Number of protein chains: 6
Amino acid sequence: MSKTNSSTASLNIDETRLNRGKQILAHIDKKSSQKVIEALADVAPDFATYLFEFPYGDIYSRPALDLRGREMVSIAVLAATGSATTLLKGHIEAGLNVGLSQEEIVEILMQLAVLAGFPAAINALFAAKDVFTQRSTSPQHVRS
Amino acid sequence: MSKTNSSTASLNIDETRLNRGKQILAHIDKKSSQKVIEALADVAPDFATYLFEFPYGDIYSRPALDLRGREMVSIAVLAATGSATTLLKGHIEAGLNVGLSQEEIVEILMQLAVLAGFPAAINALFAAKDVFTQRSTSPQHVRS
Amino acid sequence: MSKTNSSTASLNIDETRLNRGKQILAHIDKKSSQKVIEALADVAPDFATYLFEFPYGDIYSRPALDLRGREMVSIAVLAATGSATTLLKGHIEAGLNVGLSQEEIVEILMQLAVLAGFPAAINALFAAKDVFTQRSTSPQHVRS
Amino acid sequence: MSKTNSSTASLNIDETRLNRGKQILAHIDKKSSQKVIEALADVAPDFATYLFEFPYGDIYSRPALDLRGREMVSIAVLAATGSATTLLKGHIEAGLNVGLSQEEIVEILMQLAVLAGFPAAINALFAAKDVFTQRSTSPQHVRS
Amino acid sequence: MSKTNSSTASLNIDETRLNRGKQILAHIDKKSSQKVIEALADVAPDFATYLFEFPYGDIYSRPALDLRGREMVSIAVLAATGSATTLLKGHIEAGLNVGLSQEEIVEILMQLAVLAGFPAAINALFAAKDVFTQRSTSPQHVRS
Amino acid sequence: MSKTNSSTASLNIDETRLNRGKQILAHIDKKSSQKVIEALADVAPDFATYLFEFPYGDIYSRPALDLRGREMVSIAVLAATGSATTLLKGHIEAGLNVGLSQEEIVEILMQLAVLAGFPAAINALFAAKDVFTQRSTSPQHVRS
């Protein structure tokens, strides 16, 4: 595969936003985000840059909502739309990393039964179960 | 119009859940919820009962997430799906009533640009603007 | 406005499908469908033809599901997606015309609370209420 | 994984609704529903209770629409939203159990091409194909 | 209404992206975009900045797809999701401004019947009809 | 599995539309479309006929938008709705076959971050990556 949009020369890289985004993403979920960035690298390298810059460098870094609140919102919306299970799992992981408890995440997903229907809630609870199970059996998630 | 499902006799009314739901809904947003219930009364009276019982009597009354967190989730999901503007406005109103600031609600809606796209975010911000404007010019929202 | 795709010469009109579709649509809901067709006439006249031919001439005319069943499906899906209120009302009207009772339509819409969430159900119940009210006060819906 | 919301003490269990829901679900599709309930048990045990109570104990048990009609609605809506293939298959299975024929289910899914587009219809027809194939080769689906 | 997120001091304004976005948006549709920006100004002023910067300053300004192609994509996606009629009309307007003909826009919307169903296509065609009618009767759209 | 709707006798087959659709689909993507048709054959054989006739025989064959433009629209809409990854990959394949470059497809998908959110864009870019990788390692895609 040829690199399709590697011309970062045409991209106005704002080191401040880019670095701020990288730091926030590393803080939230270093491992998952690294995988997404690497997977994007050869198909849409500029998009990896935008992903650092706008969602994390611009939005997530705004002080008026903390990272715990932001992950509540991301988990709820991804669970409601229901078509991006891998990214939902990434945000459940991220939510746990920034201080949400398993119980709080389950509450958010149960509330989806009201807002988006039982099928969306059931799907999302199964995704959460996978993440919780994997973390409980995976030593690298133990935080000192 | 004939009352289409008024046979509440066939409905197993659980006073505890029903009353708990009514109290929570009255606490969150007495005026809007009253309007919804009344509007449902002649087309689907049993549905008004279910609305008290399940979303409010069962889910919203669970202690593991507070009402502030629950309204963050409801606002985010309704704004992301984008097709129920009246109900989104009701939950923005409710969010303000349970302690979210205008600034926090705007932050949630701006984050939707990342999660569900700019059109969904713009639509929701216009809905929020309507609610904020109406409250600022409407004396009954002033809380002592 | 210029007629943008009026070149029906390039369209292979199949009189059988076209006529079959027109007859079914006239049977289901003459007045509403006539309005849709007329409204499409000057912006996309070929599309009005396709609308007769494929949904009604091909699909609705298949015998394996009766019109009552087909309108149950159309009402449920339009209510679940939630963004086409005018067309939902047209199909509620059509459902009543082909033999669904108000009570059955309300049951379908209440079940949406389970499948697609309470907001979608509430919106659809309000649409049904409008249709029921209008029919009860409108003499031309009285069927002999 | 710790049990995240096991405090059923705080839950007002209504034996009537719960039992009614369990009986209906067992009637519709004992095997699939048992799997869903068991899978929810350690991540969200209260949610399994709500799933019995509200969708099945409250809604599905209402007499104004029979189980055949209810499964038509559930199949149509899950196929239209398109993101919960496993649950769609469960409802296709359930539809066959409560008396829908393979031909009727295929008709419902073909109508989705009109209502939600060909991609949604194609996806759902492939899900139906999987269910039909599995049942034809699996002895336990033979009903005496 | 208090200005909720007016602290642009905390915002890293990149004049290049901001100006590039403003120029592109002015080129595409000066009047509509001006209205959106002004309407956002008192509820979410930073969001107006992001709207210039990311969608227009970053994405729309990339040379690998021309503005005609970009508006084809925006019109198709907004019409398919169906919940943002005002913004769909803005992009139909924009599409005409960057060189799409009425006939091409109608073709895109008719193709939605295949991809997202007839209801989505019908709704979008009615939106297009409104825009075409308004332009044909409105002198300021005549371009010299 | 019994053939559920094989009664093509009841189907008014229009050889012109059918043949036109078959030719267009063969031109766009012979291999993928053949697989879809074959997979539909034993569950819904009439649906395979409709798929040739309406989307390809009627819509895609209209001259006002070329196949390149049609695939831009199909890719964008399937990526935005996000629930039909297999069909999205088929249309990315088809887009390459009718003259879109990898770079143009990536641009369309990146624009989805604006229109439908970053999660939809990321999912679609991963689907594109799979298609590009497979074609680069698969000799039958080399066109003389």
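Only a predicted model underlies this, so the values are computations on that prediction, with no experimental measurement involved. (Residues numbered from 1 in each chain as written. Chains lettered and ligands numbered in written order. Predicted model: local features only at pLDDT ≥ 70, side-chain atom pairs only at ≥ 80, totals over all residues. Heavy atoms only, no water.)

1. Some remarks on the overall build of chain A
Right, so step 1: For chain A, the count of helices and strands is 6 helices and 0 strands.
Right, so step 2: Tracing chain A from N to C terminus, the helices and strands come up as α-α-α-α-α-α.
Right, so step 3: Taken over 144 residues, chain A has a buried fraction of 64%.
Right, so step 4: Considering only contacts in chain A between residues 6 or more positions apart, those separated by 24 or more positions represent 72%.
Right, so step 5: A total accessible area of about 5,300 Å² is found for chain A, and carbon and sulfur atoms account for 51% of it. (Helix = DSSP H or I, 4+ residues; strand = E, 2+ residues; numbered from the N terminus. Buried < 20%, exposed > 50% of the residue type's maximum accessible area, 1.4 Å probe, protein only. Contact = heavy atoms within 4.5 Å. Areas by Shrake-Rupley, 256 points an atom, 1.4 Å probe, with all protein chains shown as cover.)

2. Quick word on the packing of helix α3 (residues 67–81) of chain B against helix α4 (residues 85–97) of chain B
Residues and elements named next belong to chain B.
Right, so step 1: Contact pair α3 / α4: the axes reach a minimum separation of 9 Å and the direction vectors enclose 155 degrees. Taken together, the axes of α3 and α4 lie roughly antiparallel to each other. Considering only the axes of α3 and α4, their crossing is left-handed. Within the contact between the two elements, α3 uses Glu71, Ser74, Ile75, Leu78 and Ala79 and α4 uses Leu87, Leu88, His91, Ile92, Ala94 and Gly95.
Right, so step 2: Here the residues of the contact of α3 with α4 sort into 7 nonpolar, 3 polar and 1 charged. (Axes fitted to C-alpha atoms, helices over the stretch in contact; angles between N-to-C directions. Parallel < 35°, antiparallel > 145°, perpendicular 65-115°, else oblique. Left-handed = near helix turned anticlockwise from the far one by under 90°. Nonpolar A, V, L, I, M, F, W, Y, C, P; charged D, E, K, R; others polar.)

3. Notes on the packing of aromatic side chains
Right, so step 1: The full count for this structure, using the stated rule, is 33 aromatic pairs over all chains.
Right, so step 2: Centroid distance Tyr56 of chain A to Tyr60 of chain A: 4.8 Å. Interplanar angle 50 degrees. Geometry classified as tilted. With Tyr56 of chain A and Tyr60 of chain A both in helix α2 (residues 45–60) and 4 residues apart, this pair spans about one turn of that helix.
Right, so step 3: With relative accessibility at 10%, the residue Tyr56 of chain A sits in the buried group.
Right, so step 4: Judged by relative accessible area, Tyr60 of chain A falls into the buried class, the value being 4%.
Right, so step 5: One aromatic cluster in this structure is built from Phe47, Tyr50 and Phe54 of chain A, Phe118 of chain B, Phe47, Tyr50 and Phe54 of chain E together with Phe118 of chain F. (Phe/Tyr/Trp six-rings, centres within 6.5 Å; stacked < 30°, edge-to-face > 60°.)

4. Digging into the pattern of salt bridges
Right, so step 1: Considering all chains together, one arrives at 60 salt bridges over all chains under this definition.
Right, so step 2: In this structure, a network of salt bridges that share partners links the residues Arg17, Arg20, Glu53 and Asp58 of chain A. (Salt bridge = Lys/Arg side-chain N within 4 Å of Asp/Glu carboxyl O.)

5. What about the relation of the copies chain B and chain A?
Right, so step 1: Superposition record for chain B on chain A: RMSD 0.0 Å, screw rotation 180 degrees, translation along axis 0.0 Å. With respect to symmetry, the two chain copies, as superposed, fit the operation of a two-fold axis. Across chain B, the rotation axis passes nearest the C-alpha of Val77 of chain B, at a separation of 2.7 Å.
Right, so step 2: When the interface residues of chain B are mapped onto chain A, 100% of them again lie at the interface, so the same face is used by both copies. (Least-squares fit on C-alpha atoms with pLDDT ≥ 70 in both.)

6. Some thoughts on the interface of chain B and chain A
Right, so step 1: Listed by partner, the interface residues are 26 residues for chain B and 26 residues for chain A.
Right, so step 2: Surface buried jointly by chain B and chain A totals about 2,500 Å² across both partners, of which 76% is contributed by carbon and sulfur atoms.
Right, so step 3: The interface formed by chain B and chain A contains 4 salt bridges.
Right, so step 4: Of the charged contacts in the structure, one is a salt bridge between Glu107 of chain B and Arg70 of chain A, with a shortest N-O distance of 2.6 Å.
Right, so step 5: Joining chain B to chain A, the criterion identifies 8 residue pairs in polar contact (both at pLDDT 80 or more).
Right, so step 6: Broken down by secondary-structure element, the contributors of at least two residues to the side of chain B that touches chain A are α2 (45–60), α3 and α5 (102–115) of chain B. (Buried area = accessible area lost by both parts, 1.4 Å probe. Polar contact = N/O pair within 3.5 Å; in protein donor to acceptor, adjacent residues only side chain to side chain.)

7. As for the environment of Val131 of chain B
All names here are of chain B.
Right, so step 1: For Val131, the position within the fold is in helix α6 (residues 118–136).
Right, so step 2: Distance from Val131 to Glu93, taken between C-alpha atoms, is 6.8 Å for residues 38 residues apart in sequence.
Right, so step 3: Once residues lying within four places of it in the same chain are set aside, the contact partners of Val131 are Lys89, Ile92, Glu93 and Leu96.

8. Description of the side chain of Glu71 of chain C
Residues and elements named next belong to chain C.
Right, so step 1: The topology assignment puts Glu71 in helix α3 (residues 67–81).
Right, so step 2: Look at Glu71: it is buried, it has no salt bridge, and the nearest opposite charge is Arg70 at 8.6 Å.
Right, so step 3: Here His91 takes part through its side chain, which lies 2.7 Å from a polar atom of the side chain of Glu71. (Lys, Arg positive; Asp, Glu negative; His and termini not counted.)

9. A word on the packing of α2 of chain A against helix α2 (residues 45–60) of chain E
Right, so step 1: Remark: α2 of chain A packs on α2 of chain E, axes separated minimally by 12 Å, with the N-to-C direction vectors making an angle of 180 degrees. On the basis of their axis angle, the class for α2 of chain A and α2 of chain E is roughly antiparallel. Here Tyr50, Glu53, Phe54, Asp58 and Ile59 of chain A of α2 of chain A come into contact with α2 of chain E, specifically with Tyr50, Glu53, Phe54, Asp58 and Ile59 of chain E.
Right, so step 2: When the residues that make up the contact of α2 of chain A with α2 of chain E are grouped by side-chain class, the tally is 6 nonpolar, no polar and 4 charged.

10. Some remarks on the environment of Leu112 of chain C
Right, so step 1: Note that Leu112 of chain C resides in helix α5 (residues 102–116).
Right, so step 2: Residue Leu112 of chain C is classed as buried on the basis of its relative accessible area of 0%.
Right, so step 3: A sequence separation of 35 residues divides Leu112 of chain C from Val77 of chain C, and the C-alpha atoms of the two residues are 9.4 Å apart.
Right, so step 4: Contacts of Leu112 of chain C, omitting those with residues within four sequence positions, involve Ala76, Ala79, Ala80, Gly117 and Ala121 of chain C together with Val77 of chain D.

11. Examining the layout of surface pockets
Residue and element names in this part refer to chain C.
Right, so step 1: As a volume, the second largest pocket reaches approximately 850 Å³.
Right, so step 2: Lining the second largest pocket are 49 residues, with Ser32, Val36, Thr86, Leu87 and Gly90 sitting closest to its centre.
Right, so step 3: Of the residues belonging to the lining of the second largest pocket, the class tally is 25 nonpolar, 14 polar and 10 charged. (1 Å grid on protein atoms, 1.4 Å probe; cavity = no way out; pocket = protein on both sides within 12 Å on 5 of 7 lines; lining within 4 Å. Points joined across faces, edges and corners; volume = space filled by probe spheres on them.)

12. Quick look at the interface of chain D and chain C
Right, so step 1: Across the contact, 26 residues belong to chain D and 26 residues belong to chain C.
Right, so step 2: Summed over both partners, the interface of chain D with chain C buries about 2,500 Å², with 76% contributed by carbon and sulfur atoms.
Right, so step 3: Scanning the region where chain D abuts chain C turns up 4 salt bridges.
Right, so step 4: Inspection of the chain D/chain C interface yields 8 residue pairs in polar contact (both at pLDDT 80 or more).
Right, so step 5: Among the elements of the structure, α2 (45–60), α3 (67–81) and α5 (102–115) of chain D are those that each provide at least two residues to the side of chain D that touches chain C.

13. Focus: the nonpolar core
Right, so step 1: Phe47 of chain A, Phe47 of chain B, Phe47 of chain C, Phe47 of chain D, Phe47 of chain E together with Phe47 of chain F are the most contacted members of the largest nonpolar core, which has 331 residues in total.
Right, so step 2: Residue contacts for Phe47 of chain E: discarding those within four places in its chain leaves Met110, Ala113, Phe118, Ala121, Ile122 and Leu125 of chain B together with Leu40 of chain E. (Core = buried A, V, L, I, M, F, W, Y, C linked by side-chain atoms within 4.5 Å.)

14. Regarding the confidence of the model for chain A
Residue and element names in this part refer to chain A.
Right, so step 1: Residues with a pLDDT of 70 or more make up 86% of chain A, whose mean pLDDT is 87.
Right, so step 2: Highest mean pLDDT in chain A belongs to helix α5 (residues 102–116) (98); lowest belongs to helix α1 (residues 15–41) (87).
Right, so step 3: Note on residues 1–10: pLDDT under 50 across the span, and 27 contacts to partners over four residues away in sequence or across chains.
Right, so step 4: Here the predicted complex scores 0.90 on pTM and 0.87 on ipTM. (pLDDT = per-residue confidence, 0-100.)

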